[in-house]
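Structural overview
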Amino acid sequence: MWSSLKAYSVPSISYDKITEKEVNRRVIMKISIIGAGKMGTAIIKGLINNGQNPKQILVKTGHYENALNLRQSLGITAVQALSDLATSDIYILATPATLITKTLSELSNINQQNAPIISVAAGVSFDEMLAIYPNAPLLRCIPNTPVAINQGMTSFSTSSHLSDNQKTLAINLLNQLGHTIEVPEDKLGIAGTIAGCSPAFIDVFIEALSDAAVTNGLDRALSYEIITEMMKGSAALAAESKIHPGILKDDVTSPGGDTIKGVVALEKNNFRFAVIDAINTILQD
Ligand SMILES: NC(=O)c1ccc[n+]([C@@H]2O[C@H](COP(=O)([O-])OP(=O)(O)OC[C@H]3O[C@@H](n4cnc5c(N)ncnc54)[C@H](OP(=O)(O)O)[C@@H]3O)[C@@H](O)[C@H]2O)c1
């Protein structure tokens, strides 16, 4: 439904005066990223991959030299102080969660254009943020690291203070990074956990499959190629066909065949419960 945007020059925007159509086709000109560690950097890479002018991405980190390193490697604009971000068209908060309210407090004094603010911090609610910056035009989201190659899965929720135009602008930005799904705020935790933490599970699974392949004589690099391509294809088949995964599994398990024996061995080792327990354990913390 939402299309990607290509970079082109437009002047700075006033959200109250432009039509929704204009917002829809407009690339966001000046993007301020506050915090550029693992997630902030992944977002920056995804935006640049999608054609965003790196110079129009303003980056503030805890240590200025880290922003300077990103300027060197990615061509972004490094800034030293939050006040340097006063005329931004959109803000992305990607600091550790413990710094979000402090950052928002400062932002409330400098956000001259009432630009939308995207927080990627897990676990910091709208209520907590709005207590610091009343009426802030906020969108909360939980991206995952594949946003760096525009194949992210980002769940998001919007606050009631976000106008339609601000919401469109913010979602257009997120759509540059991959797939997006809007969920109610009380479902953001589980949606974000499934998308944000599971890449690590998948990596462990890839490594385990590769160990099995190497144990049985396959070259390591070749095994990674086979496994990752198999995973891409399996995920694409499930996503595109929308066929129940149990049926897809049935399709590759012939009676008395090898694959069903492997599935049974996984069940014997509590494969499904191990996955469910991993997610439940994360959510208990
Ligand atoms: N990593 C993920 O997969 C993931 C997924 C979903 C959501 N998130 C959320 O993303 C946020 C960042 O996580 P992360 O994994 O990217 O953490 P991280 O790698 O530790 O990065 C934190 C960033 O915040 C910067 N920072 C620290 N103090 C700052 C300040 N006063 N002003 C501006 N920037 C400051 C750090 O800069 P210096 O290094 O220069 O101090 C660093 O660039 C968290 O809220 C997390 O919940 C992360």
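Since the model is a prediction, treat every value here as computed from it, not as a measurement. (Residues numbered from 1 in each chain as written. Predicted model: local features only at pLDDT ≥ 70, side-chain atom pairs only at ≥ 80, totals over all residues. Heavy atoms only, no water.)

**What about the sheet that holds strand β5 (residues 117–119)?**
Read across the sheet, eight strands follow the order β3-β2-β1-β4-β5-β6-β7-β8 without closing on themselves; strand pairing throughout is mixed. In the strand order of this sheet, the two ends are held by β3 (77–78) and β8 (178–182), each with one partner. Pairing of β5 with strand β6 (residues 138–142), which is carried by three bridges, proceeds in the parallel orientation. Looking across to β6, one finds that Ile117 is bridged to Leu138. The strands touched by helix α6 (residues 164–175) within the sheet are β1 (31–34), β4 (90–93), β5, β6, β7 (152–158) and β8, with β8 carrying the most contacts at an inclination of about 140°. (Pairing = 2+ DSSP bridges. Helix = DSSP H or I, 4+ residues; strand = E, 2+ residues; numbered from the N terminus. Contact = heavy atoms within 4.5 Å. Axes fitted to C-alpha atoms, helices over the stretch in contact; angles between N-to-C directions.)

**Some remarks on unusual backbone geometry**
Positioned with a positive phi, Lys242 is a non-glycine residue whose angle comes to about 55°. Following the sequence through the fold, Lys242 ends up in the loop between α8 (220–241) and α9 (245–251). With a phi close to 60°, Asn270 is a non-glycine residue in the positive phi region. Mapping Asn270 onto the fold places it in the loop between α10 (258–268) and α11 (271–284).

**Looking at the confidence of the model for the protein chain**
Confidence along the protein chain averages 90 in pLDDT terms, with 90% of residues attaining 70 or more. Confidence drops under pLDDT 50 across residues 1–16; counting only partners more than four residues distant or on other chains, this segment forms 46 contacts. (pLDDT = per-residue confidence, 0-100.)

**As for the domain arrangement of the protein chain**
Taken domain by domain, the protein chain consists of domain 1 (20–182) and domain 2 (191–284). Of the residues lining the interface, five residues belong to domain 1; the matching set on domain 2 comes to five residues. Taken together, the two surfaces of domain 1 and domain 2 that pack against each other cover about 340 Å², and 70% of this comes from carbon and sulfur. The largest share of the area that domain 1 buries against domain 2 comes from Ile142, Asn144 and Ser155, three residues that together contribute 72% of it. Joining domain 1 to domain 2, the criterion identifies zero salt bridges. Where domain 1 packs against domain 2, one counts one residue pair in polar contact (both at pLDDT 80 or more). Partitioned by chemical class, the residues of the side of domain 1 that touches domain 2 number three nonpolar, two polar and no charged. (Domains from an automatic or database assignment. Buried area = accessible area lost by both parts, 1.4 Å probe. Salt bridge = Lys/Arg side-chain N within 4 Å of Asp/Glu carboxyl O. Polar contact = N/O pair within 3.5 Å; in protein donor to acceptor, adjacent residues only side chain to side chain. Nonpolar A, V, L, I, M, F, W, Y, C, P; charged D, E, K, R; others polar.)

**Comments concerning a nonpolar patch on the surface**
Among the surface-exposed residues, Phe205, Leu266, Phe271 and Val275 lie close enough to one another that they form a single nonpolar patch of about 300 Å² accessible area. Here Phe205 lies in helix α7 (residues 185–215). (Patch = residues over 30% accessible without salt bridge, like charges linked within 9 Å, V, L, I, M, F, W, Y side chains within 5 Å. Areas by Shrake-Rupley, 256 points an atom, 1.4 Å probe, with all protein chains shown as cover.)

**Here's the deal with the side chain of Ser159**
Here Ser159 is to be found in the loop between β7 and α6. If near-sequence neighbours (up to four positions away) are discounted, Ser159 is found in contact with Phe126, Ala136 and Leu138.

**Looking at the UniProt feature "binding site: NADP(+)" (unreviewed entry) in the protein chain**
As annotated in UniProt, the feature "binding site: NADP(+)" (unreviewed entry) corresponds to Ile34, Gly35, Ala36, Gly37, Lys38, Met39 and Thr61 in the numbering used here. The greatest C-alpha distance among the residues just named is 12.4 Å, despite their covering 28 residues of sequence, which places them together in space. Locating Gly37 in the fold gives a position in the loop between β1 and α2 (38–49). Assessed through its relative accessible area of 41%, Gly37 is described here as partly exposed. Assignment of secondary structure puts Thr61 in the loop between β2 (57–60) and α3 (64–74). Residue contacts for Thr61: discarding those within four places in its chain leaves Ala36, Asn66 and Ala67. In this structure the side chain of Thr61 is engaged in a polar contact, spanning 2.7 Å, whose partner is the backbone oxygen of His63. (UniProt positions renumbered as here; feature names shortened; annotations may be inferred. Buried < 20%, exposed > 50% of the residue type's maximum accessible area, 1.4 Å probe, protein only.)

**Notes on the UniProt feature "domain: Pyrroline-5-carboxylate reductase dimerisation" (unreviewed entry) in the protein chain**
When the UniProt feature table is mapped to this numbering, "domain: Pyrroline-5-carboxylate reductase dimerisation" (unreviewed entry) covers residues 185–282. Taken as a whole, residues 185–282 contains 85% helix and 0% strand, while its terminal C-alpha atoms sit 18 Å from one another.

**Remarks on the site of the ligand**
Near the ligand you find 22 residues, and of these Ala36, Met39, His63, Asn66 and Thr95 are the closest. Within the backbone of Ala122, a nitrogen or oxygen atom sits 3.1 Å from an oxygen atom of the ligand. Protein chains bury 74% of the 890 Å² of accessible surface belonging to the ligand in isolation. Considering only residue class, the shell around the ligand consists of twelve nonpolar, eight polar and two charged. (Near = heavy atom within 4 Å.)

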